Amino acid sequence: MSGVSDEGQHNASRRPGSLHVTRVRRVSRVTPRMVRITFGDEELTPFLSNGTDQHVAMYFYDPDVRLPRPFTSEAAKRLLPTARPRLRRYTIRSHRPELGEVDMDFVLHGADQLASGWAEQAAPGDEAIWFGPSPAYPLAPGPEWTVLIGDETALPAIAVLLEELPPEHRTSVLVEVADKAEEQELTVRDGTEVRWLHRDGRPAGQLLYEQAVALDLPPGRGRVWGAAERDTVRELRRHFVQDRGVSRADTHLTAYWTRGETQDSDV
Ligand SMILES: Cc1cc2nc3c(=O)[nH]c(=O)nc-3n(C[C@H](O)[C@H](O)[C@H](O)COP(=O)(O)OP(=O)(O)OC[C@H]3O[C@@H](n4cnc5c(N)ncnc54)[C@H](O)[C@@H]3O)c2cc1C
């Protein structure tokens, strides 16, 4: 699957999502604070391959809500006046259509938090409902270099982007994680430099911003993709666009979470 030059892939990046009622097939620890959940369902076939950096919205209903069966998107709409799900967004880390499997990696940031707590307890057989995939982020040809920057919530997307970038494309990766134990295997080709930043108790985003400002950017047109806590993303966007002159069109920086606030949003 290439998101770079294949015209079909660019068209695929706009296919609409749909509702999936899946089951957890496997759970494994990637690092002490990151759990990989493999979801299985016969329906999880190639229409999910919207391309690089696609995510889904997981649906969490209150435990006392009885879902009508079969649970379809029409059934979910009919339920809205009485029961609204809380949504949480997660990146598709990998997709094996031939096995009907999708992997997502969850940061464990608190057993009492909705999605994180669910992931920490998840076991084979558990039901998981999600809507997706989102449109993808096409790695359009043009930029001569790429910066990928983010905290651990961005790691699944960064890992996928690294797999999709053309060989020898000049790429700098800055990832901030809690500590050394949170480093994980990434695809590192010629021309790619990965730097792990260990928070070691500092506030989230502080090191990421400091190191972003110190980055040596090559000349020529470049692109910046990044995701982290909302305030950090705001600072990074200002820095790359205003201080470094990266065009807005080549800057794709997204708030993945907000300090002190839940990610509740409307269906
Ligand atoms: C497009 C997109 C893709 C994403 N992909 C992934 C992914 O693949 N893997 C992943 O783990 N996350 C991913 N996220 C981030 C994830 O959706 C948020 O971290 C979300 O807040 C988790 O929901 P929750 O119910 O656990 O916590 P919430 O109920 O939303 O928040 C509860 C509390 O936890 C805090 N909090 C939330 N996230 C973190 C965190 N990471 N570290 C420390 N404190 C936190 C909040 O500030 C709040 O105080 C993605 C977000 C977006 C928008």
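Residues numbered from 1 in each chain as written. Predicted model: local features only at pLDDT ≥ 70, side-chain atom pairs only at ≥ 80, totals over all residues. Heavy atoms only, no water.

Here we come to the sheet that holds strand β8 (residues 145–151). Within the open sheet, the five strands sit side by side as β10-β9-β8-β11-β12. Their pairing is parallel. Strands at the two margins of the open sheet, each flanked by one partner only, are β10 (192–198) and β12 (251–257). Looking at each pair of strands side by side, their axes are set apart by 10° on average, direction ignored. Sheet topology places β8 next to strand β11 (residues 222–229); six bridges connect them, and they run parallel. Directly across from Trp 145, in β11, lies its bridge partner Gly 222. (Pairing = 2+ DSSP bridges. Helix = DSSP H or I, 4+ residues; strand = E, 2+ residues; numbered from the N terminus. Axes fitted to C-alpha atoms, helices over the stretch in contact; angles between N-to-C directions.)

Around the ligand, the structure places 24 residues, and the nearest of them are Arg 88, Asp 105, His 109, Thr 258 and Gln 263. Between the ligand and the protein, one listed contact pairs an oxygen atom with a backbone N or O atom of Leu 114 at 3.4 Å. In the model, an oxygen atom of the ligand is placed 2.8 Å from a nitrogen or oxygen of the Gln 263 main chain. When the free accessible area of the ligand is taken as 930 Å², the share hidden by the protein chains comes to 88%. Among the secondary structure elements, those contributing two or more residues to the shell around the ligand are β4 (86–91), β6 (101–107), α3 (114–121) and β12. By residue number, the principal contributor to the shell around the ligand is β4, which donates four residues. Mapped onto the domain boundaries, the shell around the ligand takes at least three residues apiece from domain 1 (7–132) and domain 2 (145–257). (Near = heavy atom within 4 Å. Polar contact = N/O pair within 3.5 Å; in protein donor to acceptor, adjacent residues only side chain to side chain. Areas by Shrake-Rupley, 256 points an atom, 1.4 Å probe, with all protein chains shown as cover. Domains from an automatic or database assignment.)

Moving on: the packing of helix α5 (residues 206–213) against helix α6 (residues 230–243). It is the contact of α5 with α6, at a shortest axis distance of 10 Å, that shows an interaxial angle of 5°. Viewed along their axes, α5 and α6 adopt a mutual orientation that is roughly parallel. For the pair formed by α5 and α6, the contact residues are Leu 208, Tyr 209, Ala 212 and Val 213 on the first element and Thr 232, Glu 235, Leu 236, Arg 238, His 239 and Phe 240 on the second. Of the residues in the contact of α5 with α6, the class split is six nonpolar, two polar and two charged. (Parallel < 35°, antiparallel > 145°, perpendicular 65-115°, else oblique. Contact = heavy atoms within 4.5 Å. Nonpolar A, V, L, I, M, F, W, Y, C, P; charged D, E, K, R; others polar.)

For the rest of this paragraph, the subject is the confidence of the model for the chain. When pLDDT is averaged along the chain, the result is 92; 94% of the residues meet or exceed 70. Across residues 1–12, where pLDDT falls below 50, the model places 23 contacts with residues more than four positions away in sequence or in other chains. (pLDDT = per-residue confidence, 0-100.)

What follows deals with the domain arrangement of the chain. Each domain of the chain was delimited in the assignment, giving domain 1 (7–132) and domain 2 (145–257). Distance from the C-alpha centre of domain 1 to the C-alpha centre of domain 2: 25 Å. Each partner contributes to the interface: domain 1 provides 12 residues, whereas domain 2 provides 19 residues. In total, about 1,300 Å² of surface goes out of reach between domain 1 and domain 2, with carbon and sulfur atoms giving 57% of it. On inspection of domain 1 and its partner domain 2, the count reaches two salt bridges. (Buried area = accessible area lost by both parts, 1.4 Å probe. Salt bridge = Lys/Arg side-chain N within 4 Å of Asp/Glu carboxyl O.)

If you check which residues of α5 are buried, you get Leu 207, Leu 208, Gln 211 and Ala 212. Along the axis of α5, the buried residues cluster in a sector spanning 130°; they form a single face. Here the buried face of α5 lies against β8, β9 (170–177), β10, β11 and α6. (Buried < 20%, exposed > 50% of the residue type's maximum accessible area, 1.4 Å probe, protein only. Arc of directions from axis to C-beta.)

What follows deals with the nonpolar core. Residues Ile 37, Phe 39, Met 58, Met 104, Phe 106, Trp 118 and Trp 130 are the most contacted members of the largest nonpolar core, which totals 21 residues. Contributing elements (two or more residues each) for this core: β2 (34–40), β3 (55–60), β6, α3 and β7 (127–132). Counting 20 residues, the second largest nonpolar core, distinct from the first, contains Val 175, Leu 186, Trp 196 and Ala 227. (Core = buried A, V, L, I, M, F, W, Y, C linked by side-chain atoms within 4.5 Å.)

Next up on the list: the packing of aromatic side chains. Tallied over the full model, the rule gives eight aromatic pairs. In textbook terms, an aromatic cluster arises when at least three aromatic residues are bridged by ring pairs, as seen for Phe 39, Phe 60, Tyr 90, Phe 106, Trp 118 and Trp 130. (Phe/Tyr/Trp six-rings, centres within 6.5 Å; stacked < 30°, edge-to-face > 60°.)

Here the focus is the pattern of salt bridges. Pairing of side chains with opposite charge becomes possible as their charged atoms draw close. Applying the stated criterion across every chain, the model contains 21 salt bridges. The residue Asp 264 makes a salt bridge to Arg 86 at a minimum N-O spacing of 3.1 Å. Note that Asp 264 is positioned in the segment after β12 and Arg 86 in strand β4, a separation of 178 residues in sequence. Arg 221 is the salt-bridge partner of Asp 250, the closest N and O atoms lying 2.9 Å from each other. Of this pair, Asp 250 sits in the loop between α6 and β12 while Arg 221 sits in the loop between α5 and β11, placing them 29 residues apart in sequence.

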